[in-house]
Amino acid sequence: QKEVEQDPGPLSVPEGAIVSLNCTYSNSAFQYFMWYRQYSRKGPELLMYTYSSGNKEDGRFTAQVDKSSKYISLFIRDSQPSDSATYLCAFPSTDSWGKLQFGAGTQVVVTP
Amino acid sequence: KAGVTQTPRYLIKTRGQQVTLSCSPISGHRSVSWYQQTPGQGLQFLFEYFSETQRNKGNFPGRFSGRQFSNSRSEMNVSTLELGDSALYLCASSLVQGSRTEAFFGQGTRLTVV
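Residues numbered from 1 in each chain as written. Chains lettered and ligands numbered in written order. Predicted model: local features only at pLDDT ≥ 70, side-chain atom pairs only at ≥ 80, totals over all residues. Heavy atoms only, no water.

Caption draft 1: Looking closely at the overall build of chain B. Helix and strand counts for chain B come out as zero helices and 11 strands. In chain B, the succession of α and β elements from N to C terminus is β-β-β-β-β-β-β-β-β-β-β. What you see for chain B is a C-alpha radius of gyration of 14 Å, in line with the 13 Å of a compact globule of 114 residues. Structurally, chain B occupies a C-alpha span of about 45 × 25 × 25 Å along its principal axes. Buried positions account for 49% of the 114 residues belonging to chain B. (Helix = DSSP H or I, 4+ residues; strand = E, 2+ residues; numbered from the N terminus. Rg over C-alpha atoms; globule rule 2.2 N^0.38 Å. Buried < 20%, exposed > 50% of the residue type's maximum accessible area, 1.4 Å probe, protein only.)

Encoded structure:
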């Protein structure tokens, strides 16, 4: 079993809809979680991070954590065509600061 | 503040050749990590350097190596290239912020092996 599972999609939604993304993880030692956004032919950019103890909202983006189910979610409200990208969940390694474990990434397509 | 710079952006090499990729981290960041991204395997960790020392290494063959210089700039080298090495190679520079690490990625180097 992989430590991080993420549905690769693609997930196609109409403009204005809510996008719901999620990842499951198996290592209960993870202290915080991150979401990265990657546009085609670009490097990933850090979108949000959240600690294992709570949720976080930033503009149209909300990150949620369910520790008991080992499940994290990212919601995008009022989705725009510019939100079309691949979204990756990322977890910090427990043995090295600079090492991250990534989910497979979910490709999101927002159609006008 | 300048971001992470990777050079070159694109490379085409022949099987059996070797290649060197370069990464300049964000000023003040001492940790540099390298990742390989392919459609089939996603983002996979290659290695991490901190203050010129390799701190962690992923599950890749010895053909993949790297180093970090005193100014934190890093290079990775792949020798005896194989077709399967075709990928986007990403460099991330990291900063510890309290109890978490924030990693910032460069644009990547797209390597094609023919």
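Caption draft 2: Geometry of empty space enclosed by the protein. The final tally for this structure, using the stated rule, is one cavity of 30 Å³ or more. Lining the largest cavity, in full, are Arg41 of chain A together with Arg9, Tyr10, Leu88, Gln107, Gly108, Thr109 and Arg110 of chain B. When its residues are assigned to classes, the lining of the largest cavity shows two nonpolar, three polar and three charged. (1 Å grid on protein atoms, 1.4 Å probe; cavity = no way out; pocket = protein on both sides within 12 Å on 5 of 7 lines; lining within 4 Å. Points joined across faces, edges and corners; volume = space filled by probe spheres on them. Nonpolar A, V, L, I, M, F, W, Y, C, P; charged D, E, K, R; others polar.)

Caption draft 3: Up close: the packing of aromatic side chains. Evaluated as defined, the whole model comprises 15 aromatic pairs over all chains. Measuring from centroid to centroid gives 5.7 Å for Phe102 of chain A and Tyr35 of chain B, while their planes differ by 90°, and the two rings are edge-to-face. Pair noted here: Phe102 of chain A is in strand β10 (residues 100-102) and Tyr35 of chain B is in strand β4 (residues 31-38), and the two residues belong to different chains. The exposure class of Phe102 of chain A is buried, given its relative accessible area of 10%. For Tyr35 of chain B, a relative accessible area of 0% puts it in the buried group. Positioned above the aromatic ring of Phe50 of chain B is the side chain of Arg55 of chain B, whose terminal nitrogen or guanidinium carbon lies 4.4 Å from the ring centre. (Phe/Tyr/Trp six-rings, centres within 6.5 Å; stacked < 30°, edge-to-face > 60°. Lys NZ or Arg CZ within 6 Å of the ring centre and 35° of its normal.)

Caption draft 4: How the structure looks around the pairing of β4 of chain B. Residue and element names in this part refer to chain B. Along β4, eight of the eight residues are buried, which leaves the element largely enclosed by surrounding structure. Of the two faces of β4, the one carrying Ser31, Ser33, Tyr35 and Gln37 and the one carrying Val32, Trp34, Gln36 and Thr38 are both buried. Direction of pairing for β4 relative to strand β5 (residues 42-50): antiparallel, over a ladder of eight bridges. Bridging from a neighbouring strand, Tyr35 pairs with Phe45 of β5. Hairpin connection, β4 to β5: the antiparallel pair is bridged by three residues. (Pairing = 2+ DSSP bridges.)

Caption draft 5: Inspection of the environment of Ser73 of chain A at higher detail. Residues and elements named next belong to chain A. By the secondary structure assignment, Ser73 is in strand β8 (residues 71-76). Ser73 gets classed as buried once you look at its relative accessible area, which sits at 7%. Counting along the chain gives 21 residues from Ser73 to Ser52, while the straight-line C-alpha distance between them is 12 Å. Those residues within four positions of Ser73 in sequence are excluded, and the remaining contacts are Leu21, Asn22, Trp35, Thr62, Ala63 and Gln64. (Contact = heavy atoms within 4.5 Å.)

Caption draft 6: Broad picture of the layout of surface pockets. Empty space within the largest pocket amounts to approximately 1200 Å³. Gly103 and Ala104 of chain A together with Gln41, Gly42 and Leu43 of chain B are, among the 44 residues lining the largest pocket, the residues nearest its centre. Counting residues per element, the lining of the largest pocket draws most heavily on β5 of chain B, which supplies four residues. Its residues placed into classes, the lining of the largest pocket shows 15 nonpolar, 21 polar and eight charged.

Caption draft 7: The pairing of strand β10 (residues 100-105) of chain B, seen in detail. Residues and elements named next belong to chain B. Burial of β10 is extensive: five of the six residues sit out of reach of the surface. Bridge analysis of strand β9 (residues 87-97) against β10 gives six bridges, and the strand direction is antiparallel. Note on β10: the bridge partner recorded for Ala92 is Phe105.

Caption draft 8: The nonpolar core, seen in detail. If you look at the biggest cluster of nonpolar residues, it comprises 23 residues, and the most contacted ones within it are Trp35, Ile72, Leu74, Tyr87 and Phe91 of chain A. The next biggest cluster of nonpolar side chains, apart from the first, holds 21 residues, and it includes Phe64, Met76, Tyr89 and Val113 of chain B. (Core = buried A, V, L, I, M, F, W, Y, C linked by side-chain atoms within 4.5 Å.)

Caption draft 9: Focus on the sheet that holds strand β8 (residues 74-78) of chain B. All names here are of chain B. An order of β1-β3-β8-β7 is seen for the four strands of this open sheet, with the pairing classed as antiparallel. If you trace the sheet from one side to the other, it starts and ends with β1 (5-7) and β7 (64-68), each paired once. Going from strand to strand, the sheet's axes swing by 15° on average, the running direction of each strand aside. (Axes fitted to C-alpha atoms, helices over the stretch in contact; angles between N-to-C directions.)

That's the geometry; what it means functionally is another story.
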